[in-house]
Amino acid sequence: MLDLTTPFLVPLSVTTLYLVVIVLFAEGLNRFSSADAEFTRKVVHIGVGNVIILAWWLEIPAWVGIGAAVIASLIALVSYFLPILPSINSVGRQSLGTFFYALSVGVLVAWFFPQNLPEYAAIGILVMAWGDGLAAVIGRRFGQHPYQVWGITKSWEGSLTMTGVSFVVCSLILATAGNNLGQVALVSVLVAIAATALEAFSKLGIDNLTVPLASAALSFLLIQVI
């Protein structure tokens with residue numbers, strides 16, 4: 001029998017409840033509103049990414065985050081083929097982005113949480129969640145200047161949104177972690193440029209893996225060097 005006084009049970013319950021609410025909210029939008037499927041996927045994309053903040057603040061153990069990422073990865077793969085959660089993936093949608101997203105969470109938690117450096121995991125996940133999420137929304141709504149990268153069409157409006165949001169996310173987290181403003185500004189600019197370049201190539205949703213891992217790794221390495 002589980003001991004309800006175990007320290008991690010309360011934070012685990014909070015994060016689990018948060019994730020359930022986000023998915024149910026997106027499912028409600030998908031089934032009972034006029035919102036299109038892509039919009040509801042971005043609601044999940046951004047909302048789920050914020051769980052890394054809860055994991056950081058509530059000091060959830062790394063093994064819990066890794067286990068949750070494994071489960072989420074399996075659900076994403078099943079949803080890719082079956083209409084379990086349309087707000088996550090449409091059947092036959094030619095993208096494994098949700099799977100890569102969950103995988104990146106597991107990798108970053110396993111990498112940085114044991115070192116007591118959760119801020120870098122947060123940078124990687126939130127650059128992807130907010131940067132890519134808002135870039136897609138802005139690009140679809142206001143993108144009037146398209147360009148192509150290896151056959152993938154993007155818009156300058158979306159890419160500039162990715163750069164700006166990535167810079168803000170990285171700056172806020174690094175400043176919160178106590179780095180000086182000179183470091184914060186330079187590292188955030190470089191991370192934002194790298195994240196935008198990687199997001200431009202999103203074949204099969206691979207940017208959901210490359211953007212988080214590169215953003216986290218680059219910010220970590222640059223803070224050590226600068």
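Residues numbered from 1 in each chain as written. Predicted model: local features only at pLDDT ≥ 70, side-chain atom pairs only at ≥ 80, totals over all residues. Heavy atoms only, no water.

K.L.:
With reference to specific residues and values, describe the overall build of the protein chain.
P.N.:
Summing up its helical and strand segments, the protein chain has nine helices and two strands in all. Overall, the protein chain shows an N-to-C arrangement of helices and strands of α-α-α-α-α-α-β-β-α-α-α. Going through the 226 residues of the protein chain one by one, you find that 46% of them count as buried. When contacts within the protein chain are restricted to residue pairs at least 6 apart in sequence, long-range pairs at least 24 apart make up 69% of them. For the protein chain, the accessible area works out to roughly 11400 Å², and carbon and sulfur atoms hold 74% of it. (Helix = DSSP H or I, 4+ residues; strand = E, 2+ residues; numbered from the N terminus. Buried < 20%, exposed > 50% of the residue type's maximum accessible area, 1.4 Å probe, protein only. Contact = heavy atoms within 4.5 Å. Areas by Shrake-Rupley, 256 points an atom, 1.4 Å probe, with all protein chains shown as cover.)

K.L.:
Describe the confidence of the model for the protein chain, and please don't skip the residues or the numbers.
P.N.:
Low pLDDT marks regions whose predicted coordinates should not be analysed in detail. Overall, the predicted model of the protein chain reaches an average pLDDT of 83, with 86% of residues at or above 70. For the stretch residues 1–5, pLDDT sits under 50, and the model shows two contacts to residues farther than four places along the chain or on other chains. (pLDDT = per-residue confidence, 0-100.)

K.L.:
Talk me through the packing of aromatic side chains; I want residue IDs and the actual numbers.
P.N.:
In total, this model carries six aromatic pairs according to the counting rule given. Look at Trp111 and Phe112: their rings are 4.4 Å apart centre to centre, the planes differ by 20 degrees, and that puts the pair in the stacked class. For Phe112, a relative accessible area of 0% corresponds to the buried category. Relative to Trp156, the ring of Tyr147 has its centre 4.5 Å away and its plane inclined at 35 degrees; by these criteria the two rings are tilted. On the basis of relative accessibility, which here comes to 48%, the residue Trp156 falls in the partly exposed class. (Phe/Tyr/Trp six-rings, centres within 6.5 Å; stacked < 30°, edge-to-face > 60°.)

K.L.:
Residue-level account of the pairing of strand 1 (residues 146–149), with values.
P.N.:
Where strand 1 and strand 2 (residues 152–155) come together, four bridges link them in antiparallel fashion. Its bridge partner lying in strand 2, Tyr147 is registered against Lys154. Here strand 1 folds back onto strand 2 in antiparallel fashion, the turn holding two residues, of which Trp150 has a positive phi close to 50 degrees. (Pairing = 2+ DSSP bridges.)

K.L.:
Break down unusual backbone geometry for me, with residues and values.
P.N.:
Look at Glu59: it is not a glycine, yet its phi comes out positive at around 55 degrees. Among the structural elements, Glu59 can be located in the loop between helix 3 (51–57) and helix 4 (62–81). One non-glycine residue, Asn116, lies in the positive phi region at around 60 degrees. Its location among the elements puts Asn116 in the loop between helix 5 (97–112) and helix 6 (118–142). Assessed through its relative accessible area of 63%, Asn116 is described here as exposed.

K.L.:
Tell me what's going on with the packing of helix 8 (residues 181–199) against helix 9 (residues 207–225), and back it up with residues and numbers.
P.N.:
In the contact formed by helix 8 and helix 9, the axes pass within 9 Å of each other and the chain directions differ by 160 degrees. Classified by the interaxial angle, the pair formed by helix 8 and helix 9 is roughly antiparallel. For the element pair helix 8 and helix 9, the recorded crossing hand is right-handed. Between helix 8, through Gln183, Val187, Leu190, Val191, Ala194, Ala195, Leu198 and Glu199, and helix 9, the contact on the second element is made entirely by Asp207, Thr210, Val211, Ala214, Ser215, Leu218, Ser219, Leu222 and Ile223. Residues of the contact of helix 8 with helix 9, tallied by class, amount to eleven nonpolar, four polar and two charged. (Axes fitted to C-alpha atoms, helices over the stretch in contact; angles between N-to-C directions. Parallel < 35°, antiparallel > 145°, perpendicular 65-115°, else oblique. Left-handed = near helix turned anticlockwise from the far one by under 90°. Nonpolar A, V, L, I, M, F, W, Y, C, P; charged D, E, K, R; others polar.)

K.L.:
Help me get a handle on the side chain of Ser215, residues and values and all.
P.N.:
Relative to the elements of secondary structure, Ser215 occurs in helix 9. With relative accessibility at 2%, the residue Ser215 sits in the buried group. There is a polar contact of 2.7 Å between the side chain of Ser215 and the backbone oxygen of Val211. When near neighbours in sequence (up to four residues on either side) are disregarded, Ser215 contacts Ile123, Gly124, Val127, Val191 and Ala195. (Polar contact = N/O pair within 3.5 Å; in protein donor to acceptor, adjacent residues only side chain to side chain.)

K.L.:
Please give an account of the pattern of salt bridges that cites residues and values.
P.N.:
Counted under the stated rule, the structure contains one salt bridge. Across the pair Lys154 and Glu199 runs a salt bridge, and its minimum N-O distance is 3.0 Å. Taken together, the residues Lys154 in strand 2 and Glu199 in helix 8 connect sequence positions 45 residues apart. (Salt bridge = Lys/Arg side-chain N within 4 Å of Asp/Glu carboxyl O.)

K.L.:
For the packing of helix 4 against helix 5, give the residues involved together with the corresponding values.
P.N.:
Taken N-terminus to C-terminus, the directions of helix 4 and helix 5 make an angle of 170 degrees; their axes are 8 Å apart at the nearest point. The angle between the axes of helix 4 and helix 5 places the two elements in the roughly antiparallel class. As helix 4 packs across helix 5, the resulting crossing turns out to be left-handed. Mapping the contact onto sequence places Ala62, Gly65, Ile66, Ala69, Ala72, Ser73, Ala76 and Leu77 in helix 4 and Thr98, Phe99, Ala102, Leu103, Val105, Gly106, Val109 and Ala110 in helix 5.

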